[in-house]
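Single-letter residue listing:
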Protein chains: 2
Amino acid sequence: MSDTFVVVGGDAAGMSAASKAKREDPQLNVVVFEKGEWVSYAACGMPYYVKGEVESLDDLVAVTAEEFREERDIDLRTGHEVVEVDPEAETVTVEGDGDTFEQPYDHLLVATGATAVEPPFDGLDLDGVFTIHDMDEAGAIEDYVTERAPDTAGIVGGGYVGIEMAEALSARGAEVHLYEMLPHVLQPFGDAVAEVVEDHLREQGVHLHLDTAVSGFDGDGAVERVVLEDGARPADIAIVGVGVAPNTGLAEDAGIEVGETGAIATDEFGRTNDENVYAAGDCAEARHVVTGEPDHVPLALTANRAGRAIGQTVAGDPEPVGETAGTAIVKAFDLGASRTGIVDERRAREAGFDPVSVSISAPSRAHYYPGGDELTVTLLADRESGRLLGGTVVGREGAKRIDTIAMALTAGMTVTELRNADLAYAPPFSPVWDPVLTAAKVLGGKLD
Amino acid sequence: MSDTFVVVGGDAAGMSAASKAKREDPQLNVVVFEKGEWVSYAACGMPYYVKGEVESLDDLVAVTAEEFREERDIDLRTGHEVVEVDPEAETVTVEGDGDTFEQPYDHLLVATGATAVEPPFDGLDLDGVFTIHDMDEAGAIEDYVTERAPDTAGIVGGGYVGIEMAEALSARGAEVHLYEMLPHVLQPFGDAVAEVVEDHLREQGVHLHLDTAVSGFDGDGAVERVVLEDGARPADIAIVGVGVAPNTGLAEDAGIEVGETGAIATDEFGRTNDENVYAAGDCAEARHVVTGEPDHVPLALTANRAGRAIGQTVAGDPEPVGETAGTAIVKAFDLGASRTGIVDERRAREAGFDPVSVSISAPSRAHYYPGGDELTVTLLADRESGRLLGGTVVGREGAKRIDTIAMALTAGMTVTELRNADLAYAPPFSPVWDPVLTAAKVLGGKLD
């Protein structure tokens, strides 16, 4: 009889693994349990649904449940929650369709994702207070905005979600107040990016409240105010986006080890401490390409890639899940902001490096060619070895150039090696020295 | 007494070298001879001057002659032509200001550039027939277009110059006919790019005549017709852009060796066979990052970088000139097309590889996010080693992603290593799998 591969969770990592495993080994019995109804959806697209640029939540679904079942021959059970894993017996306990049953497995993938963190705020249960971490909640926000046409929005948290929702709710006509307890938004992008983004947010009419702790919300049934330590401000809708936490409970209860980051510890093949149990996606750790240490980077590509690799491994052709550089990009109104690797000097020191950094601004196109804009590029390197550790890019066009820096990290390049890379130039696309090369040139000068 | 560094040619390579040498060693006596009047200008910007997007030719000058003299303390002599080099005596013979004199040197840089090839055409001397390889000629084209308002333009050659001038002259109101003797335009970009570009040129109203040899021009004083092997077509202006040839005469007469490519042979520090004589820019060879062999890639970044490195070497701190991947990008109306490395299977085989390639098309943004367009990515790899050899990108946005592939070549990566790179994703910027990663994924499947 063929092996059975059970997948817990039907989004990026889970469905990538299921699809790849079945494609590589059509004899494999592939069963996916998803507790909700949505599978294989682009959570990153939800702010654009709220904004009104994406017509339907269905548009965010890459492959439908029906397609997985009919075309890919995957036994996908939506509305089914795995409530227990028994690694000794190699079974999972499943609740669904009003029933509870045991499902045996030969290989198990835990792809339970992450959940939006809910801080200990008052008034989280008021109408009009939302996180945005699943499709149903995105739908609920859109409905609320359409019904209530909020004049004022209070957004708590200046990370991806906060920035993207500021853009979305501004577009829907709300006056947006963004509350961030740290001195800057987009903390993982470093100060050079944050300052450019903050100026732009203010230009776009967003009221920034930095260094400002929120303690909750109040209102009569529905939210009316964001409560601060020293007062309150009006809000007809509130979005809480203060980060996500990996869903590790199911795994931990089964004796699966969690790493220092709080996510499930895995080896280079995505295997946990139980050799038949894998973990991938937002619930799992990945190895960092610069430090070689486990990290928790809950992003879509990492999840997709790890899922795909695990699917191949389960099908009998072992494939490493790959490393993460923590590469990320975010749109903030007309700006793009991006980051990769280690961009924080303190963290670089903790990892044993002696960091040196530069920030430069340069035009995105030849200075005389119309339509370009200033790009700010920051690079961080280790003084002794000259090795590149990370970087950021921010500007109206060209934030995707972060990929050049990510490639340098993947290759373990020094600043000089990056500076000598032969990048593309023509006046409509870049100055002769691409801004990334200019940054490397300037940083090289500081390292000499 | 301080050393004297003599530079022949005042554009990208020459002025980069002069500036860097003087900055690193202010005691150095730096003398530049430029036979024309323009220095440090962006030849790549000339089509956009003709198009009308760049107001003045002066806008294309990065640093003026006056700035080099006053601010950088460089003895820059425009209107001075070096007519002979005597490597034994370590002198050059210079003609200028109605005078001929000898200039001794300790270090010499030959940065004589390249010249537009003039095929053995009839009627090259007719009014209205141009190449576009220097600023004066760009000025003359603009004047001619303004005075004559040509109804029909005949462009000979479907390379960068031909494509860019087709866009420029269309914008100026001419009906453009583009003549290319090969079956496709943009031969160094491969067929996958050429086909996309050709469709787009036709959509933009350009009449393409592929596989069509031109024998010359005729007209009464001014050009009136492009003469083909079997007939003639009207043309009120004609541009010949069939490539450039390195200016090696001065060096060859002095016994400096020329390589197989026809350009001046150099070592990793840009040194010729004479240890005090360097060569850089469009007249010189550079080492190819994939083959390790000398190549002739007359592009601006290569020239700037080599000049800068030679300046540093001359100042006493030896710096390799870097390698070339032949990375290039060109705008064709609304499209960007780019290439890097080896993209031609025949050339790959000549270099000892067993080439395997794929072309894929994928959206430039998440499929549900508005405003994106299809990108076509081609990758070429060596079957046995899996090493990436080159690639191309073409589309309305994202052609700069060629830099990702160029970085992979610089690092000597395999297709699998590229596929595992952590590139940036958010819906406005990319699908989860960047099109370059998708191409690597598909090519990896063919290599297994």
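Quick caveat, the model's predicted, so the values are computed rather than measured.

Another aspect to go through is the overall build of chain A. Broken down by element type, chain A carries 12 helices and 25 strands. For 448 residues, the compact-globule estimate of 2.2 N^0.38 gives 22 Å, and the C-alpha radius of gyration of chain A, at 23 Å, lies within 12% of that figure. Its C-alpha atoms give chain A principal-axis dimensions of roughly 65 × 55 × 40 Å. Evaluated residue by residue, chain A yields a buried proportion of 58% over its 448 residues. Long-range pairs, those at least 24 residues apart, make up 62% of the contacts in chain A between residues at least 6 apart in sequence. Accessible surface computed for chain A: about 17,200 Å², of which carbon and sulfur atoms make up 43%.

Let us look at the pairing of strand β1 (residues 4-8) of chain A. Residues and elements named next belong to chain A. Within β1, five of the five residues are buried, leaving the element largely enclosed by the surrounding structure. As defined by bridge partners, β1 adjoins strand β2 (residues 29-34) across five bridges and the pair is classed as parallel. When the sheet's bridge partners are listed, T4 is paired in β2 with N29. You can see the chain leave β1, run along helix α1 (residues 12-24) and come back into β2, and the turn it takes is right-handed. Note that β1 and strand β7 (residues 107-110) share four bridges and pair parallel. Residue V7 lies in a different strand from β7, and its bridge partner there is L109.

Residues and elements named next belong to chain A. Domain annotation of chain A identifies domain 1 (4-115 + 245-314), domain 2 (118-242) and domain 3 (334-447). Between the C-alpha centres of domain 2 and domain 3 there is a distance of 31 Å. A buried area of about 880 Å², summed over both sides, lies between domain 2 and domain 3, and 67% of it is on carbon and sulfur atoms. Applying the counting criterion to the domain 2 and domain 3 interface returns one salt bridge. R396 serves as the salt-bridge partner of E203, at 3.9 Å between the closest nitrogen and oxygen. Of the residues in the side of domain 2 that touches domain 3, the class split is seven nonpolar, three polar and one charged.

What follows deals with unusual backbone geometry. Residue and element names in this part refer to chain A. Phi is positive for S40, close to 50°, though the residue is something other than glycine. Turning to its location among the elements, S40 is positioned in the loop between β2 and α2 (46-51). Owing to a relative accessible area of 13%, S40 belongs among the buried residues under this scheme. Phi at D211 is positive, roughly 50°, even though this residue is not glycine. Tracing the chain through its elements places D211 in the loop between β12 (207-209) and β13 (214-218).

A few words now on the interface of chain A and chain B. Between chain A and chain B, the contact holds 63 residues from the first and 63 residues from the second. Both sides of the chain A and chain B interface together cover about 5,200 Å² of buried area, and 64% of this is carbon and sulfur. The largest per-residue losses of area from chain A upon contact with chain B belong to Y368(A), M407(A) and D422(A), which jointly make up 15% of the total buried on that side. For the interface between chain A and chain B, the tally reads four salt bridges. Put simply, R419(A) and E319(B) hold a salt bridge, and the shortest N to O gap is 2.2 Å. Linking chain A to chain B there are 28 residue pairs in polar contact (both at pLDDT 80 or more). Elements with a contribution of two residues or more to the side of chain A that touches chain B: α8 (300-314), β21 (328-332), α10 (402-410), α11 (415-419) and α12 (435-447) of chain A. The biggest single contributor to the side of chain A that touches chain B is α10(A), with seven residues. A per-class count over the side of chain A that touches chain B returns 34 nonpolar, 14 polar and 15 charged.

This brings us to the pairing of strand β13 (residues 214-218) of chain B. Residues and elements named next belong to chain B. Across four bridges, β13 lies against strand β14 (residues 225-228) in antiparallel orientation. Bridged to G216 within β14 is V227. Counting the residues that bridge the hairpin from β13 to β14 gives six residues, and of these G221 lies at a positive phi of roughly 85°.

What follows concerns empty space enclosed by the protein. Summed over all chains, the structure comprises five cavities of 30 Å³ or more. One number sums up the size of the largest cavity: a volume of about 170 Å³. G281(B), E285(B), A286(B), T302(B) and A306(B) are, among the 20 residues lining the largest cavity, the residues nearest its centre. With four residues, helix α8 (residues 300-314) of chain B is the largest single contributor of residues to the lining of the largest cavity. Classifying every residue of the lining of the largest cavity gives nine nonpolar, six polar and five charged. T266(A), G270(A), A279(A), A280(A), G281(A), A284(A), E285(A), A286(A), T302(A), A306(A) and V321(A) are the residues that line the second largest cavity.

We now examine the sheet that holds β13(B). All names here are of chain B. Ordered in space as β13-β14-β15, the three strands form an open sheet in which the pairing is antiparallel. Every interior strand has two partners, whereas the edge strands, β13 and β15 (231-234), have only one. On average, each strand axis in the sheet is tilted by 25° relative to the strand beside it, whichever way the strands run. As defined by bridge partners, β14 adjoins β15 across four bridges and the pair is classed as antiparallel. Counterpart to R225 in the pairing with β15 is P234.

All names here are of chain A. In this structure, H200 sits in helix α6 (residues 190-203). Judged by its relative accessible area of 4%, H200 falls in the buried class. Those residues in contact with H200, other than ones at most four positions away along the chain, are A332, F333, D334, L335 and R396.

The subject of this paragraph is the pattern of salt bridges. On inspection of all chains with the given rule, the structure shows 46 salt bridges over all chains. Linking E345(B) and R349(B) is a salt bridge whose minimum nitrogen-to-oxygen distance equals 4.0 Å. Here E345(B) pairs with R349(B), and both are found in helix α9 (residues 345-350), just four residues apart, close to one helical turn. E345(B) sits in the partly exposed class, given a relative accessible area of 29%. Connected through shared salt-bridge partners, K51(A), E53(A), E167(A) and K331(A) make up one network.

The rules behind these values
Residues numbered from 1 in each chain as written. Chains lettered and ligands numbered in written order. Predicted model: local features only at pLDDT ≥ 70, side-chain atom pairs only at ≥ 80, totals over all residues. Heavy atoms only, no water. Helix = DSSP H or I, 4+ residues; strand = E, 2+ residues; numbered from the N terminus. Rg over C-alpha atoms; globule rule 2.2 N^0.38 Å. Buried < 20%, exposed > 50% of the residue type's maximum accessible area, 1.4 Å probe, protein only. Contact = heavy atoms within 4.5 Å. Areas by Shrake-Rupley, 256 points an atom, 1.4 Å probe, with all protein chains shown as cover. Pairing = 2+ DSSP bridges. Right-handed = clockwise from strand over helix to strand, strands pointing away. Domains from an automatic or database assignment. Buried area = accessible area lost by both parts, 1.4 Å probe. Salt bridge = Lys/Arg side-chain N within 4 Å of Asp/Glu carboxyl O. Nonpolar A, V, L, I, M, F, W, Y, C, P; charged D, E, K, R; others polar. Polar contact = N/O pair within 3.5 Å; in protein donor to acceptor, adjacent residues only side chain to side chain. 1 Å grid on protein atoms, 1.4 Å probe; cavity = no way out; pocket = protein on both sides within 12 Å on 5 of 7 lines; lining within 4 Å. Points joined across faces, edges and corners; volume = space filled by probe spheres on them. Axes fitted to C-alpha atoms, helices over the stretch in contact; angles between N-to-C directions.

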